Amino acid sequence: MTGLFASWGEWLPRLLEGLVTSVEITAVSLLIGVPLGLLFALLSSSRTRPLRWAAIALVEVGRGTPALVMLQFVYYGLPSAGLSFTAFVSAVAALSLTTAGYTSEILRGGLQAVPVGETEAAGALGMSHRDTLRFVVVPQGVRIALPSLMGFAILIFQATSLTFTISVVELLSQAYSIGAATFRYLDVLVLAGLLYLAVTIPAGWLTGRTERRLSRHL
């Protein structure tokens, strides 16, 4: 057992580097994907038919295509069309589109959950449709959807483990590399799993607490 902990001490710095990369991919994908998802949610209810159908099509692509397939398409497929990206950029692009597709539906549900009386009151005050969306509907809709968005962020963090298939040096990739060098796959994968849990368990607890707190005010 002492030898196991000594090995973990040797492996931990490399695994933590991979964990940082996983968190970075998650953060950038969410920073791009969630606003894009909000845009898709708004456009999918647009009165302009071409915009509405274009948004719906992009949402369906993001939701219907497995994240692994999306990663392979961006990294290996797009170069055939003359578009080449680094592994990190490809991972962010693929997961951002996946994020946009799923969060669009989450946010659309939040927007639709805003009481009709709120929009009627805004209209009675003389607010334009744009201002009603900006100051009334979107803030409340995002607030309603926040717990679900936080839960989805955990799923995207877990999905970063798929990026090792396109040579991103994230947590799982580091674990496989160490396992290949030492042939101690079980030990290193257990440590990698504990690092994933060190992020997902507190994040899940925070999501549950946020949901409970918001439910008292909705």
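No experiment lies behind these values; they were computed from the predicted model shown.

Caption draft 1: Region of the structure containing the environment of alanine 145. Among the secondary structure elements, alanine 145 is positioned in helix α6 (residues 129-159). Exposure remark for alanine 145: the relative accessible area of 3% places this residue in the buried category. Placed 40 residues apart in sequence, alanine 145 and glutamate 105 show a C-alpha to C-alpha distance of 9.9 Å. Once residues lying within four places of it in the same chain are set aside, the contact partners of alanine 145 are Ile106, Leu107 and Gly110.

Caption draft 2: Quick peek at unusual backbone geometry. A positive phi is found at serine 167, a non-glycine position, where the angle reads about 75°. Along the polypeptide, serine 167 turns up in the loop between α6 and α7 (171-182). The backbone of phenylalanine 183 sits at a positive phi, close to 60°, despite the residue not being glycine. Tracing the backbone shows phenylalanine 183 in the loop between α7 and α8 (185-215). Classification of phenylalanine 183 by relative accessible area gives exposed; the value is 70%.

Caption draft 3: Structural detail: the packing of helix α2 (residues 49-64) against helix α4 (residues 87-112). Contact geometry for α2 and α4: axes closest at 7 Å, N-to-C directions at 110°. Taken as axis vectors, α2 and α4 run roughly perpendicular relative to one another. Like other packed secondary-structure pairs, α2 and α4 cross with a definite hand, here left-handed. Of α4, the residues touching α2 (which contributes Val59, Val61, Gly62 and Arg63) are Leu97, Thr98, Gly101, Tyr102, Ser104 and Glu105. Classifying every residue of the contact of α2 with α4 gives four nonpolar, four polar and two charged.

Caption draft 4: Highlighting the packing of aromatic side chains. Evaluated as defined, the whole model comprises four aromatic pairs. Both rings, one in phenylalanine 164 and one in tyrosine 176, keep their centres 5.3 Å apart while their planes meet at 20°; by these two values the pair is stacked. Here phenylalanine 164, found in the loop between α6 and α7, pairs with tyrosine 176, found in helix α7; they are twelve residues apart in sequence, far enough to count as distant. The class of tyrosine 176 is partly exposed, set by a relative accessible area of 37%.

The rules we used
- Residues numbered from 1 in each chain as written.
- Predicted model: local features only at pLDDT ≥ 70, side-chain atom pairs only at ≥ 80, totals over all residues.
- Heavy atoms only, no water.
- Helix = DSSP H or I, 4+ residues; strand = E, 2+ residues; numbered from the N terminus.
- Buried < 20%, exposed > 50% of the residue type's maximum accessible area, 1.4 Å probe, protein only.
- Contact = heavy atoms within 4.5 Å.
- Axes fitted to C-alpha atoms, helices over the stretch in contact; angles between N-to-C directions.
- Parallel < 35°, antiparallel > 145°, perpendicular 65-115°, else oblique.
- Left-handed = near helix turned anticlockwise from the far one by under 90°.
- Nonpolar A, V, L, I, M, F, W, Y, C, P; charged D, E, K, R; others polar.
- Phe/Tyr/Trp six-rings, centres within 6.5 Å; stacked < 30°, edge-to-face > 60°.

Bear in mind that shape data such as this cannot, by itself, settle questions of function.
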